[in-house]
Amino acid sequence: MPSFRQERLLSLASSDLTEKSLADLKETLKQQLNSGVHGFCASPYLEGQKPGDQLTEEQIRKRLEVLKPHTKWIRSFSTTEGNELIPKVARELGIKTMVGAWLGDDPETNRKEVANLIELVNQGLVDIAAVGNEVLYRGDLTESELLEYIHEVKSKIKLDVPVGYVDAYYEFQDHPAVADACDVILANCYPFWEGCPLEHSLLYMKEMFRIATEAGKGKQVIITETGWPDQGSNLRGAEPSTENAIKYFINAQQWSKEENIELFYFSSFDESWKVGNEGDVGAFWGVWDKNEKLKY
């Protein structure tokens, strides 16, 4: 007797969205948003702004109020230049926070970021503390330098808040000492950036998650970034388009709910400044556009 079960058909790959029209896809995405997703990466920079510019509480509040009906968590990337206001506003709106200290190759900036993160944790504004984002991937710090910052935060916070470090999923496999130092594994998983075609992307992300889980040796793994751009140039088999971006969002959200995986979607809003950093796709990862209008 074959062990066929309709509900498991293609469950490893993704939902069968091939027959859905673009209008149907948009409706499914809206239904997922209205039922609530776990988390979004904060995109606080308005048109004409970029990192280095000072953020205002007003602009942060405006954007978080757009997200509030749709998510329980927000992830921020820095604790300076106004980014430290994000967890404060989020708390007032009843949104939980993963707060990151942005680490780079400038020791003075790093000290300020880490000190502010510790202060925000001790003020009760942080639910998960992230010490650095893709520092090893960029080569800004050595493993030992990064570990010093992680241990400093863990030793100076007074509340029982998990401390981790965010990087590409494979960096935890390559740096077991970092995985060991973290309370939780915070893994960025981007099938797009590895040239994966949309139809195989969910299966590919599941493998990324498996690698991070193995590196974590039983620790919780949170997907801190994943997403798909809707405009820009192809990366091998990975094609940006409205349809592909919607399908990826639908599949990622459905899988995370089915498997109870905490996932932060990248990103909430389009940000034009990212074009230079990430090529022509950089500005088009948002579910909302740069004017806070739902794109789909």
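Everything here concerns the structure above.
Residues numbered from 1 in each chain as written. Predicted model: local features only at pLDDT ≥ 70, side-chain atom pairs only at ≥ 80, totals over all residues. Heavy atoms only, no water.

S.K.: Is there a simple way to think about helix 3 (residues 85–92) in this case?
M.R.: An α-helical turn contains 3.6 residues, so a residue and the one three or four places further along point in the same direction. Along helix 3, the residues that are buried comprise Ile86, Pro87, Val89 and Ala90. Along helix 3, the residues classed as buried sweep out an arc of 165 degrees about the axis, all on the same side. Turning to helix 3, the residues buried within the fold contact helix 2 (57–67), strand 2 (71–76), strand 3 (96–101) and helix 4 (107–122). Positive phi shows up at Gly94, right after helix 3, with a value of about 80 degrees. (Buried < 20%, exposed > 50% of the residue type's maximum accessible area, 1.4 Å probe, protein only. Helix = DSSP H or I, 4+ residues; strand = E, 2+ residues; numbered from the N terminus. Arc of directions from axis to C-beta. Contact = heavy atoms within 4.5 Å.)

S.K.: Which parts of the structure should I look at to understand empty space enclosed by the protein?
M.R.: By rolling a water-sized probe across the atoms, one finds the places where empty space is left. Scanning the model with the defined rule gives two cavities of 30 Å³ or more in all. Volume-wise, the largest cavity comes out at about 60 Å³. Together, Ala42, Ser43, Pro44, Ile60, Arg63, Leu64, Leu67, Ile86 and Phe269 line the largest cavity. Ranked by the residues each element gives to the lining of the largest cavity, the list is headed by helix 2, at four residues. A per-class count over the lining of the largest cavity returns seven nonpolar, one polar and one charged. Volume-wise, the second largest cavity comes out at about 50 Å³. Contributing to the lining of the second largest cavity are Leu29, Trp228, Ala245, Phe249, Tyr265, Trp285, Gly286, Val287 and Tyr296. A class-by-class count of the residues in the lining of the second largest cavity yields eight nonpolar, one polar and no charged. (1 Å grid on protein atoms, 1.4 Å probe; cavity = no way out; pocket = protein on both sides within 12 Å on 5 of 7 lines; lining within 4 Å. Points joined across faces, edges and corners; volume = space filled by probe spheres on them. Nonpolar A, V, L, I, M, F, W, Y, C, P; charged D, E, K, R; others polar.)

S.K.: Explanation requested: unusual backbone geometry in the structure shown.
M.R.: Note: most peptide bonds trans; most residues except glycine with negative phi. The step from Phe266 to Ser267 runs through a cis peptide bond, and the omega angle for that step is 15 degrees. Topologically, Ser267 is positioned in the loop between strand 8 (263–265) and helix 11 (274–278). We note that Glu81 has phi near 60 degrees; this positive angle belongs to a residue other than glycine. Look at Glu81 and you get partly exposed, because its relative accessible area is 31%. The backbone of Lys217 shows a phi angle near 50 degrees, a positive value even though the residue is not glycine. Checked against the element boundaries, Lys217 lands in the loop between helix 9 (201–216) and strand 7 (221–226).

S.K.: Help me out: how do you make sense of the packing of helix 4 against helix 6 (residues 143–156) in this one?
M.R.: When two helices pack together, their arrangement is captured by the angle between the axes and the distance separating the axes. Two numbers describe how helix 4 lies on helix 6: the axes approach to 10 Å, and their chain directions differ by 30 degrees. In this view, helix 4 runs roughly parallel relative to helix 6, as classed from their interaxial angle. As for how helix 4 packs across helix 6, the hand of that crossing is right-handed. Contacts from Pro107, Asn110, Val114, Leu117, Ile118 and Asn122 of helix 4 reach helix 6 at Tyr149, Glu152, Val153 and Lys156. (Axes fitted to C-alpha atoms, helices over the stretch in contact; angles between N-to-C directions. Parallel < 35°, antiparallel > 145°, perpendicular 65-115°, else oblique. Left-handed = near helix turned anticlockwise from the far one by under 90°.)

S.K.: How should I be thinking about the sheet that holds strand 4 (residues 128–133) in this particular structure?
M.R.: As a general point, the strands of a sheet are linked pairwise by backbone hydrogen bonds and lie either parallel or antiparallel. One closed barrel holds the eight strands; their spatial order is 1-2-3-4-5-6-7-8, and the pairing between them is parallel. The average angle at which neighbouring strand axes cross in this sheet is 25 degrees, direction not considered. Bridge count between strand 6 (residues 184–188) and strand 7: four bridges; the pairing is parallel. Bridge pairing in strand 7 links Leu186 to Ile222. Relative to the sheet, helix 3 contacts strand 2 and strand 3, its axis offset from that of strand 3 by approximately 175 degrees. (Pairing = 2+ DSSP bridges.)

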